[in-house]
Amino acid sequence: MRSRLGERYGSLVPQDGMIPAHLLGNMWAQEWGNIYPLVAPATATGPGYNVTELLKQKGVEPVEMVRIGERFFTSMGFAPLPATFWERSLITKPRDREVVCHASAWSIDNRDDIRIKMCTEQTGEDLVTVHHELGHSFYQRAYNQQPILFQGGANDGFHEAIGDAVALAITPEYLKTIGLLDAVPSTAADTMLLLREALDKIAFLPFGLLVDQWRWKVFSGEVAPANYNAAWWELRNRYQGVSAPVTRSEAEFDPGAKYHVPANTPYTRYFLARVLQFQFYRALCREAGHAGPLNRCSFYGSKPAGAKLQAMLELGASQPWPQVLQAAIGESHMDANALMEYFAPLKAWLDRQNAGRTAGW
Ligand SMILES: [Zn+2]
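Predicted, not measured: the structure shown is a model, and the values here were computed from it.

Novice: Just to check I follow, could you spell out the coordination of the zinc ion for this structure?
Specialist: Tetrahedral coordination by four donors puts the ideal angle at the metal at 109.5 degrees, and octahedral coordination by six puts it at 90 or 180 degrees. Donor atoms from the polypeptide that coordinate the zinc ion comprise His132 (NE2), His136 (NE2) and Glu160 (OE), at 2.1 Å from the metal. If you list the donors of the zinc ion from N- to C-terminus, the spacing comes out as H-x3-H-x23-E. With His136 in helix 6 (residues 124-142) and Glu160 in helix 7 (residues 156-168), this residue pair connects regions lying 24 residues apart in the sequence. Exposure class is identical for His136 and Glu160. Each is buried.

Shown next as structure tokens:
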């Protein structure tokens, strides 16, 4: 990334230092997928499609995007969402009032009154977010028979990972199946498909780790109010390798720009979810009998994969998470093996690209 951005922006991107955070296509520089077109090599075979464009071409409106997400779950054997979900959810931004647009999913009565709230736009990014939120919804409904104290994810990361694992199955083949894509790109396109995915999933890991590191330092008193902003950028520098675009001071409070900080929402869950979702995804792929590269697997329509997922979701928080993980996917630890397997073809390509370049900052 640093090398490609250096080719474009010159000395603004020092080749042995940090990348200015405003060049990465996201307000927090937390996911970098938006600048895929800037950094993809012109010579490589690309994915050949862009989900945002497909949605626009086919006129898929936000409510239909949520229907697409629901159908993924029902194809696996889950019951459809209740009528109240469609009546009471907020799916598009209202024109007559201010709302909190940050997407979220709610169980109102701890039974069947499940709803989502998001200002859905016709983009590929929001199609993924729809699946993410529905992962929460189907999880909430699946564990609604548990005692109230056990109505929750096996751990925080589980709850965030379910919909993401399903969204990983939005493969070219799947997009063709549902009529969004006309022709499936050849496997020659896989490296670039994976690059686009990694710009979001891999680039996020250091950010996912640092938000609570900052928060815990604040709570413990290790970081005093006089150093809130400096401590934030220290972590951003160290873990993400991104630098502030302009000089910052304690007159600014940049962590406050991240919703989860003022909203007091724990953040390590998203880091864990980025690891877990690949473990869930691989297990569901195996259950669906997938053969071939992991990144081309979709378990759309697989009842066995659905049954496996349902069994895990129903447990809620009734057992310690390592037991839930063991029962569900036969693994007792959260680890990055599945993630590494998923991105292995990209890793080999990147190693060749980076030969002779300096790593680190
Ligand atoms: Zn979530």
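Once you've had a look at it, read on.
Novice: I tried to follow the side chain of Arg274 on my own but got confused; where do I start?
Specialist: Locating Arg274 in the fold gives a position in helix 11 (residues 268-287). A distance of 3.3 Å separates a polar atom in the side chain of Arg274 from the backbone oxygen of Asp200. With residues up to four places along the chain from it excluded, the contact list for Arg274 reads Glu31, Asp164, Asp200, Lys201, Phe204, Leu205 and Leu339.

Novice: Any chance you could explain the state of the cysteines here in plain terms?
Specialist: Any covalent bond linking the sulfur atoms of two cysteines counts as a disulfide. Applying the stated rule across the entire model yields two disulfides. Here Cys101 engages in a disulfide with Cys119; their sulfurs sit 2.0 Å apart. Across the S-S bond linking Cys101 and Cys119, the dihedral sits near -80 degrees, which makes this disulfide left-handed. Here the residue Cys101 occupies a position in the loop between helix 5 (83-88) and strand 2 (104-107), and Cys119 occupies one in the loop between strand 3 (114-117) and helix 6, the gap between them amounting to 18 residues. For Cys101, a relative accessible area of 29% gives the class partly exposed.

Novice: Would you explain the environment of Lys56 in this entry?
Specialist: Its place among the elements puts Lys56 in helix 3 (residues 51-57). Between the C-alpha atom of Lys56 and that of Asn144, which follows or precedes it by 88 residues, the distance is 37 Å.

Novice: Would you mind going over unusual backbone geometry with me for this structure?
Specialist: Note on backbone geometry: most residues besides glycine have negative phi, and most peptide bonds are trans. Despite not being glycine, Ala29 has its phi angle at roughly 55 degrees, a positive value. Looking at where Ala29 falls in the secondary structure, it is placed in the loop between strand 1 (19-20) and helix 2 (36-39). A positive phi angle, near 55 degrees, is found at Asn264, a position not held by glycine.

Novice: In this structure, what is going on with a nonpolar patch on the surface? I would like to understand it.
Specialist: Residues Tyr9, Leu12 and Leu38 make up a contiguous nonpolar surface patch of roughly 230 Å² in combined accessible area. Classification of Leu12 by relative accessible area gives partly exposed; the value is 44%.

Basis of the calculations
- Residues numbered from 1 in each chain as written.
- Predicted model: local features only at pLDDT ≥ 70, side-chain atom pairs only at ≥ 80, totals over all residues.
- Heavy atoms only, no water.
- Donors = N, O, S within 2.8 Å, 3.2 Å for Na, K, Ca; no water.
- Helix = DSSP H or I, 4+ residues; strand = E, 2+ residues; numbered from the N terminus.
- Buried < 20%, exposed > 50% of the residue type's maximum accessible area, 1.4 Å probe, protein only.
- Polar contact = N/O pair within 3.5 Å; in protein donor to acceptor, adjacent residues only side chain to side chain.
- Contact = heavy atoms within 4.5 Å.
- Disulfide = S-S within 2.5 Å.
- Patch = residues over 30% accessible without salt bridge, like charges linked within 9 Å, V, L, I, M, F, W, Y side chains within 5 Å.
- Areas by Shrake-Rupley, 256 points an atom, 1.4 Å probe, with all protein chains shown as cover.
- Salt bridge = Lys/Arg side-chain N within 4 Å of Asp/Glu carboxyl O.

In short, geometric facts, not functional conclusions.
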